[in-house]
Amino acid sequence: MRLAAGTETRSDRAVTKEAVQILRSRGADGIILGCTEIPLLLQEEAADLINPLQLLAEATVKHALQ
């Protein structure tokens, strides 16, 4: 994606947000943000958004502290 190159556009953000809204409108209980750049494009935290990178980071810290 262009985000990694620092060349993302408003359109990139709009398309990403629209995709999430479509999934929500179709009744999705949760949305896995499977690409690490998607959370950065959305700039949104919500209970139905699952950020695997955040979960991995939290699990890594928990493991390191045991």
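Residues numbered from 1 in each chain as written. Predicted model: local features only at pLDDT ≥ 70, side-chain atom pairs only at ≥ 80, totals over all residues. Heavy atoms only, no water.

### Focus: the overall build of the protein chain
Per the secondary structure count, the protein chain includes 4 helices and 2 strands. Helices and strands in the protein chain line up, N terminus first, as α-α-β-α-β-α. The C-alpha atoms of the protein chain give a radius of gyration of 14 Å, which is well past the 11 Å a tight globule of 66 residues would have. Oriented by its inertia axes, the alpha-carbon framework of the protein chain measures out at about 45 × 35 × 15 Å. Of all 66 residues assigned to the protein chain, the portion counted as buried reaches 20%. (Helix = DSSP H or I, 4+ residues; strand = E, 2+ residues; numbered from the N terminus. Rg over C-alpha atoms; globule rule 2.2 N^0.38 Å. Buried < 20%, exposed > 50% of the residue type's maximum accessible area, 1.4 Å probe, protein only.)

### Concerning the environment of L49
Along the chain, the position of L49 falls in strand 2 (residues 49-50). Sequence separation between L49 and T16 is 33 residues; the distance between their C-alpha atoms is 13 Å. In this structure L49 touches V20, R24, I31, L33, L42 and E44, once residues within four positions along its chain are discounted. (Contact = heavy atoms within 4.5 Å.)

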